[in-house]
Amino acid sequence: MSARPRVLLTRRWTAEVEQYLAERFDVTVNESDTPLDAAALTAAMQSQDAICPTVTDRIDRQLLAAPNRRVRLIGNYGVGFNHVDVEAAKEFGIRVSNTPDVLTDTTADLAILLMLMVSRRAGEGERELREGRWTGWRPTHLMGQGLAGKTLGLIGFGRIAQSTARKARLGLDMRIAYNSRRRAAADVEAEHQATYFDSVDELVAACDVISLHCPGGASTHHLISAERLRRMKSTALLINTARGPVVDEAALVEALSQGRIAGAGLDVYEQEPKVHPGLLALDNVVLLPHLGSATRETRTAMGMRVAENLEAFFAGRPLRDPVV
Ligand code: DGY
């Protein structure tokens, strides 16, 4: 019998990280690489010392309360942890860690990619070309809108939002505005030349592009509601690389199809991997399959960050990235 801690990876990780972990722990990998059901996760709670889930796993109170639980650490692969009931974990004395920092720039790049794709109608253009509908260059063909001099309104102003602000300001010559639960320090605002709005309603009405960077969960559910979509400019774009339920998807479909806002770029959805059929039918929305952190370098760095937390925990040292 192995004396090494037992660790479950609920999905396949990059080969480098799987190998690194296998050299240090008694690792079980879900070779099927499809989400484990509640029964499999419950069995893992009883047989493993740590579980390393992703956004596709639901680590709820019922699971954490599994009888004869052995798990002591949830080493989440990802920075967002709204799929883990952290209150229940705290109550049951189960530690939780996440993977901040290493995916900041990669995710911010994707927010910029979506902004450019939507504003320059790249998805529409590619579909037209691939479907053989392109009839050649003409002055009025697929005209988009420029971003230089426009105002980017960030909701949430953490690491990813600030990296997006930096790239948008220095790379695209945009102005920066933001709202967040806590106002940033004066030097941070100065660094980004960012204007603070203490009201989301006012921010969405004033900006040309709204990009979401707040956490998921009950406090931000449908933060972008039908009412807030109505407040946005008819030329405005909405970008979501945060969590799907932050946006009322049905209301967004309505706003986009009625031309109440000009476009949207989405990487996350209310019911992943299901996408609202109304979105699929629209041309003024760019839809990506939750690719925010999806580069080889970043996905390996995320795994290594989980590894650091596992190693610290089982060596009795403080977690590198404690959530609970
Ligand atoms: C993150 O890191 O939060 C990604 O969205 C995947 O969970």
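Data block above holds the structure.
Below is a summary of the structure that appears in this document.

Rules used throughout
- Residues numbered from 1 in each chain as written.
- Predicted model: local features only at pLDDT ≥ 70, side-chain atom pairs only at ≥ 80, totals over all residues.
- Heavy atoms only, no water.
- Helix = DSSP H or I, 4+ residues; strand = E, 2+ residues; numbered from the N terminus.
- Rg over C-alpha atoms; globule rule 2.2 N^0.38 Å.
- Buried < 20%, exposed > 50% of the residue type's maximum accessible area, 1.4 Å probe, protein only.
- Areas by Shrake-Rupley, 256 points an atom, 1.4 Å probe, with all protein chains shown as cover.
- Lys, Arg positive; Asp, Glu negative; His and termini not counted.
- Charge placed at Lys NZ, Arg CZ, Asp CG, Glu CD.
- Contact = heavy atoms within 4.5 Å.
- Phe/Tyr/Trp six-rings, centres within 6.5 Å; stacked < 30°, edge-to-face > 60°.
- Pairing = 2+ DSSP bridges.
- Axes fitted to C-alpha atoms, helices over the stretch in contact; angles between N-to-C directions.
- Near = heavy atom within 4 Å.
- Polar contact = N/O pair within 3.5 Å; in protein donor to acceptor, adjacent residues only side chain to side chain.
- Nonpolar A, V, L, I, M, F, W, Y, C, P; charged D, E, K, R; others polar.
- 1 Å grid on protein atoms, 1.4 Å probe; cavity = no way out; pocket = protein on both sides within 12 Å on 5 of 7 lines; lining within 4 Å.
- Points joined across faces, edges and corners; volume = space filled by probe spheres on them.
- Salt bridge = Lys/Arg side-chain N within 4 Å of Asp/Glu carboxyl O.

With that out of the way, let us pick up the overall build of the protein chain. Looking only at helices and strands, the protein chain has 13 helices and 12 strands in total. Computed over its C-alpha atoms, the radius of gyration of the protein chain comes to 21 Å, within 12% of the 20 Å expected for a compact globule of 324 residues. With respect to the principal axes defined by its C-alpha atoms, the protein chain has extents near 70 × 50 × 30 Å. Each of the 324 residues in the protein chain was classed as buried or not, and the buried ones make up 49%. In the structure as shown, the protein chain presents an accessible area of about 15,700 Å², 51% of it carried by carbon and sulfur atoms. When the 39 basic and 40 acidic side-chain charges of the protein chain are each reduced to a single mean position, those positions are 2 Å apart.

Attention now goes to the environment of L310. You can see L310 is positioned in helix α13 (residues 296-314). With a relative accessible area of 0%, L310 lands in the buried category. The spatial distance from the C-alpha of L310 to the C-alpha of V86 is 18 Å, given a sequence separation of 224 residues. Apart from the residues within four sequence positions on either side, L310 is in contact with V7, L21, F25, A50, C52 and L73.

Under the defined criterion, the tally for this structure stands at 5 aromatic pairs. Arranged with centres 5.1 Å apart and planes meeting at 50°, the rings of Y178 and Y196 form a pair that is tilted. Here Y178, found in strand β7 (residues 175-179), pairs with Y196, found in strand β8 (residues 194-196); they are 18 residues apart in sequence, far enough to count as distant. By relative accessible area, which is 0% here, Y178 ends up buried. The class of Y196 is partly exposed, set by a relative accessible area of 22%. Ring pairs connect the aromatic residues F25, F313 and F314, which therefore count as one cluster.

Before going further, it helps to examine the sheet that holds strand β2 (residues 26-29). Read across the sheet, 5 strands follow the order β2-β1-β3-β4-β5 without closing on themselves; strand pairing throughout is parallel. Strand pairing shows two members of the sheet lacking a second neighbour, β2 and β5 (95-97), which therefore form its edges. Neighbour-to-neighbour, the strand axes of the sheet open up by a mean angle of 15°, direction not taken into account. For strand β1 (residues 6-9) and β2, the ladder comprises 4 bridges, and the chain directions are parallel.

A few words now on the site of the ligand. Around the ligand sit V55, G78, V79, G80, L103, R243 and H290, and those are all the residues in its vicinity. A distance of 2.8 Å separates an oxygen atom of the ligand from a polar backbone atom of G80. In the model, an oxygen atom of the ligand is placed 2.8 Å from a nitrogen or oxygen of the H290 side chain. Considering the ligand on its own, with 230 Å² of exposed area, one finds that the protein chains cover 87% of that surface. Looking at side-chain class alone, the shell around the ligand contains 3 nonpolar, 3 polar and 1 charged residues.

We now examine the layout of surface pockets. Unfilled space is identified by rolling a water-sized probe across the atoms. The computed volume of the second largest pocket comes to approximately 200 Å³. Elements supplying a minimum of two residues to the lining of the second largest pocket: α2 (38-47) and α3 (61-64). When residues of the lining of the second largest pocket are assigned to their parent elements, the largest contribution, 3 residues, is made by α2. Among the residues making up the lining of the second largest pocket, the classes are represented as 6 nonpolar, 3 polar and 4 charged.

Buried residues of helix α11 (residues 249-257): E249, A251, L252, V253, A255 and L256, and no others. Where α11 begins, the side chain of D248 points an oxygen toward the backbone nitrogen of A250, at a separation of 3.3 Å. Trailing α11 by a residue or two, G259 shows a phi angle of about 70°, which is positive.

Now for the pattern of salt bridges. Pairing is possible between side chains of opposite charge, provided their charged atoms come close. Summed over all chains, the structure comprises 26 salt bridges. Note that D208 and K233 form a salt bridge whose closest N and O atoms lie 2.9 Å from each other. You can see D208 sitting in the loop between α9 (200-206) and β9 (209-212) and its partner K233 sitting in the loop between α10 (226-231) and β10 (237-240), a full 25 residues away along the chain. Residue classification places D208 among the buried positions, given a relative accessible area of 13%. Under the relative-accessibility criterion, K233 is labelled partly exposed at 30%. A salt bridge links E308 to R320; the shortest N-O distance between them is 2.7 Å. Within this pair, whereas E308 is found in helix α13, its partner R320 is found in the segment after α13, the two being separated by 12 residues in sequence. Taken together, the shared-partner salt bridges connect D201, E227, R228, R230 and R231 into one network.

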